[in-house]
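# Residue-level structure breakdown
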Amino acid sequence: MTSVLNRSVTSSSTASEGASPHAYDAGLLLVRVVLGLTVAAHGAQKLFGWFGGGGLDGTGQFFARSGYPAGRTMAVIAGLSETLGGLGLVLGILTPLAGAAVLGTMINALAVKWGGGFFAPAGVEFEVLLAGAAGLALTGPGRIAVDRFLPGLRAHRLVYGVAGVLLAAVLAALVLLVRN
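Residues numbered from 1 in each chain as written. Predicted model: local features only at pLDDT ≥ 70, side-chain atom pairs only at ≥ 80, totals over all residues. Heavy atoms only, no water.

### With respect to the packing of helix α5 (residues 95-113) against helix α7 (residues 158-178)
At their nearest, the axes of α5 and α7 sit 8 Å apart, and the two run at 35° to each other. Where α5 crosses over α7, the handedness of that crossing is right-handed. Residues Pro96, Leu97, Ala100, Leu103, Gly104, Ile107, Asn108 and Ala111 of α5 lie in contact with α7, whose contacting residues are Tyr160, Gly161, Gly164, Val165, Leu167, Ala168, Ala169, Ala172, Val175 and Leu176. Classifying every residue of the contact of α5 with α7 gives 14 nonpolar, four polar and no charged. (Axes fitted to C-alpha atoms, helices over the stretch in contact; angles between N-to-C directions. Helix = DSSP H or I, 4+ residues; strand = E, 2+ residues; numbered from the N terminus. Left-handed = near helix turned anticlockwise from the far one by under 90°. Contact = heavy atoms within 4.5 Å. Nonpolar A, V, L, I, M, F, W, Y, C, P; charged D, E, K, R; others polar.)

Written out as structure tokens, the structure is:
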């Protein structure tokens, strides 16, 4: 009986000292939506030429000039990774994989633009969004997410996030190895 009392006293005292779980969930939702929509729009530039982007042809030429083989194919892969990964973050669905998709493409983008300083147009300020994607993969989407309704992902585990980050790092490294 005392252990039940101790747990209820402990949980009520810590809840009043820190932010409520709802505050964390709302904060994660905001980060997911802003990061996810930004990256999804960037992917739509690659895939469809929307928002002033180069579309598959222009982006494919950029990838070829940047040393990637099969530039158009790489543009499709990057565009799909950004668009679907970004939308996955927005919805909070398969969040570790969505974060991994964004992280992997941003690692490659960082490698391509490295050495141009931090700020645009030649810098890497946009590419450091990889930290947000990795953070979301590790923390999970919060309770305001589609993952909440998926039995295997309902209770996010750190191991899922670590696996997503490792998957992104390994796949990004493999893609960078084929780059000239």
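Resuming the write-up.
### Observations regarding the layout of surface pockets
Unfilled space is identified by rolling a water-sized probe across the atoms. Computed from the structure, the largest pocket encloses a volume of approximately 720 Å³. Taken together, 33 residues form the lining of the largest pocket, with Lys46, Phe63, Ala78, Glu82 and Thr105 sitting closest to its centre. It is α5 that provides the largest number of residues to the lining of the largest pocket, a total of 10 residues. For the lining of the largest pocket, a count of residues per class yields 18 nonpolar, 11 polar and four charged. (1 Å grid on protein atoms, 1.4 Å probe; cavity = no way out; pocket = protein on both sides within 12 Å on 5 of 7 lines; lining within 4 Å. Points joined across faces, edges and corners; volume = space filled by probe spheres on them.)

### A look at the environment of glycine 43
Relative to the assigned elements, glycine 43 resides in helix α2 (residues 21-48). The sequence separation of glycine 43 and glutamate 82 amounts to 39 residues, and the corresponding C-alpha distance is 4.7 Å. Setting aside residues up to four positions removed in sequence, glycine 43 forms contacts with Gly79, Glu82 and Thr83.

### Details of the confidence of the model for the protein
Per-residue pLDDT for the protein averages 88, and the proportion of residues at 70 or more is 91%. Low pLDDT (under 50) marks residues 1-15, which in the prediction has zero contacts with non-local residues, meaning those over four places away or in another chain. (pLDDT = per-residue confidence, 0-100.)

### Points about the side chain of asparagine 108
Mapped onto the elements of the fold, asparagine 108 is located in helix α5. With a relative accessible area of 10%, asparagine 108 lands in the buried category. Those residues in contact with asparagine 108, other than ones at most four positions away along the chain, are Tyr68, Ala172, Val175 and Leu176. (Buried < 20%, exposed > 50% of the residue type's maximum accessible area, 1.4 Å probe, protein only.)

### So, the packing of aromatic side chains
Tallied over the full model, the rule gives five aromatic pairs. Between phenylalanine 48 and tryptophan 50, the ring centres sit 4.7 Å apart and the planes meet at 35°, which makes this aromatic pair tilted. Ring centres of phenylalanine 118 and phenylalanine 119 lie 5.0 Å apart, and the angle between their planes is 90°; on these two criteria the pair is classed as edge-to-face. You can call phenylalanine 119 exposed: its relative accessible area is 60%. Taken together through their ring pairs, the aromatic side chains of Phe48, Trp50 and Phe51 make up a single cluster. (Phe/Tyr/Trp six-rings, centres within 6.5 Å; stacked < 30°, edge-to-face > 60°.)

### A closer look at unusual backbone geometry
You will see that phenylalanine 51, though not glycine, has its phi angle at about 55°, which is positive. With respect to the helices, strands and loops of the structure, phenylalanine 51 is situated in the loop between α2 and α3 (55-65). On the basis of relative accessibility, which here comes to 60%, the residue phenylalanine 51 falls in the exposed class. Positive phi outside glycine occurs at alanine 70, with the angle close to 50°. Its location among the elements puts alanine 70 in the loop between α3 and α4 (71-91). By relative accessible area, which is 53% here, alanine 70 ends up exposed.

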